[in-house]
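Read off the chains here:
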Amino acid sequence: MNLLDGKKCAESLVAEIARKVAGYTESGLRTPHMTIILVGEHAPSESYVKSKIATSGLAGFESTLLRFPETIRESELLAKIKEVNEDPTTDGLIVQLPLPKHINQQHVINAIAPEKDIDGFHPANFGRMTLGQKAFRPATAYGICKLLQFYEVPVKAKHCVVIGRSNIVGKPISIMLSNDFDIGNATVTLTHIETPRELLLDETRRADIVIVAVGIPGFVTADMVKDGVVLIDVGINRLESGKIVGDVDFENVAQKCSWITPVPGGVGRMTVAALMINTLMAYQNNFN
Ligand code: GUN
């Protein structure tokens, strides 16, 4: 069993970005700048945002955190997004999800300027990505691709099973791995909550690569996978004890895997690294 070490891979990608940024700023260009909007006080969001800001510093970016109370009206939030869209010194904008229930998430995502949408959630980016055109790719899915690439794990012509059809992970990773991308050309099955258990097991037991993003601790057990499987665990679940675990019963599954991501230190780190890649791309697009 080999670990797909997201921390190591992310550090290497961020260091490469920092070298490029140093080159730009030494030649007199301004520093890349990422803005994050955080609404309310959702504990996991606080922790993700902290990590995004810390990593952006390591990448050599400037960052701004705009905090708003849980009670902000949707119209006020949309007006703030418009301000950031129109601010020429911000290259990338993240609106941290989830948002309070009274705010329509899709209205908010649609309001982000596609050229600043470093999360890749805007329909224009999602559509371009799906069509195989240049686009910001959703960061978790892109991070998974970068991790597989870093460790030279073969993807082309492999049978990949994705568990979970969320717009931010399951759907984009299944599209990206099926597309004719540098990390792609796999045969992908997308399974979800309505997939009958027997069908799910038929699929996962013959999969070369399993990607799980369901948010249920221990969802993938050893009897569900074949020997030599590559396992990508997107889950970040906090147990009552405070321990952070993924969606995989790691202790029992890891021994069957050729490669597996740890939690923490796997996909989570790669999501943040991919956001930095997208921010650099947004910045570079200003000069092209
Ligand atoms: N909440 C959980 N994951 C994400 C993400 O990748 N981007 C944003 N904006 N919010 C999230």
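First, a word on scope: everything that follows refers to the structure included in this document. (Residues numbered from 1 in each chain as written. Predicted model: local features only at pLDDT ≥ 70, side-chain atom pairs only at ≥ 80, totals over all residues. Heavy atoms only, no water.)

### Structural notes on the pairing of strand S8 (residues 229–233)
- With 5 of its 5 residues buried, S8 lies for the most part within the structure.
- Side-chain alternation along S8 places Val229, Leu231 and Asp233 on one buried face and Val230 and Ile232 on a second face that is also buried.
- The pairing of strand S7 (residues 209–212) with S8 spans 4 bridges and is classified as parallel. Residue pairing for S8: Ile209 is matched across the bridge by Val230.
- Pairing geometry for S8 and strand S11 (residues 257–260), over 3 bridges, is parallel. Along S11, the bridge assignment pairs Val229 with Cys257. (Buried < 20%, exposed > 50% of the residue type's maximum accessible area, 1.4 Å probe, protein only. Helix = DSSP H or I, 4+ residues; strand = E, 2+ residues; numbered from the N terminus. Pairing = 2+ DSSP bridges.)

### So, the site of the ligand
- For the ligand, the full set of nearby residues is Lys52, Ile94, Val95, Gln96, Leu97, Asp119, Phe121 and Ile168.
- Take Val95: an N or O atom from its main chain is 2.9 Å from a nitrogen atom of the ligand.
- Relative to its unbound accessible area of 280 Å², the ligand is 86% covered by the protein chains.
- Here the ligand occupies the largest pocket.
- Taken together, the residues of the shell around the ligand break down into 5 nonpolar, 1 polar and 2 charged. (Near = heavy atom within 4 Å. Polar contact = N/O pair within 3.5 Å; in protein donor to acceptor, adjacent residues only side chain to side chain. Areas by Shrake-Rupley, 256 points an atom, 1.4 Å probe, with all protein chains shown as cover. 1 Å grid on protein atoms, 1.4 Å probe; cavity = no way out; pocket = protein on both sides within 12 Å on 5 of 7 lines; lining within 4 Å. Sits in = over half its atoms within 2 Å of the grid points. Nonpolar A, V, L, I, M, F, W, Y, C, P; charged D, E, K, R; others polar.)

### A word on the layout of surface pockets
- Taken as a whole, the largest pocket holds about 1200 Å³ of empty space.
- What lines the largest pocket is a set of 42 residues, and nearest its centre among them are Pro44, Tyr48, Val234, Ile236 and Gly268.
- Among the elements of the structure, helix H2 (43–58), strand S4 (92–95), helix H6 (139–150), strand S9 (237–238) and helix H10 (267–285) are those that each provide at least two residues to the lining of the largest pocket.
- At 7 residues, the largest contribution of residues to the lining of the largest pocket is made by H2. (Points joined across faces, edges and corners; volume = space filled by probe spheres on them.)

### Observations regarding the sheet that holds strand S5 (residues 159–163)
- A sheet is described by the order of its strands in space; here 6 strands give the open sequence S1-S11-S8-S7-S5-S6, paired in parallel fashion. The open sheet has two edge strands, strand S1 (2–3) and strand S6 (187–191), and neither has a second partner.
- As judged from the 4 bridges shared by S5 and S7, these two strands associate in the parallel manner. Bridge pairing links Ile163 to Val212 in S7.
- Running over the sheet, helix H7 (residues 170–178) touches S5, S6 and S7 and is turned about 165° from S6. (Contact = heavy atoms within 4.5 Å. Axes fitted to C-alpha atoms, helices over the stretch in contact; angles between N-to-C directions.)

### Examining a nonpolar patch on the surface
- A cluster of nonpolar residues, Met1, Leu3 and Phe250, forms a patch on the protein surface that exposes about 270 Å² of accessible area.
- Note on placement: Leu3 falls in strand S1. (Patch = residues over 30% accessible without salt bridge, like charges linked within 9 Å, V, L, I, M, F, W, Y side chains within 5 Å. Salt bridge = Lys/Arg side-chain N within 4 Å of Asp/Glu carboxyl O.)

### A closer look at the packing of H2 against H10
- At their nearest, the axes of H2 and H10 sit 10 Å apart, and the two run at 50° to each other. Of the possible angle classes, the one that applies to H2 and H10 is oblique. Here H2 and H10 pass one another in a crossing that is right-handed. Where H2 abuts H10, its residues Ser51, Lys52, Thr55 and Ser56 lie against Val272, Leu275 and Met276. (Parallel < 35°, antiparallel > 145°, perpendicular 65-115°, else oblique. Left-handed = near helix turned anticlockwise from the far one by under 90°.)

### Quick look at the sheet that holds strand S3 (residues 62–68)
- One open sheet holds the 3 strands; their spatial order is S3-S2-S4, and the pairing between them is parallel. The two strands at the open ends of the sheet, each matched to only one other strand, are S3 and S4. Between one strand and the next, the sheet's axes are offset by a mean angle of 15°, whatever the strand orientation.
- As paired strands, strand S2 (residues 33–39) and S4 are joined by 4 bridges and run parallel to one another. Its bridge partner lying in S4, Met34 is registered against Gly92.

### Observations regarding the state of the cysteines
- Applying the stated criterion to the full structure yields 0 disulfides.
- Here Cys9 is not disulfide-linked; the sulfur of Cys145 is the nearest cysteine sulfur, at 11 Å.
- Cys145 takes part in no disulfide bond, and the closest cysteine sulfur to it belongs to Cys160, at a distance of 9.4 Å.
- What makes Cys145 buried here is its relative accessible area of 5%. (Disulfide = S-S within 2.5 Å.)

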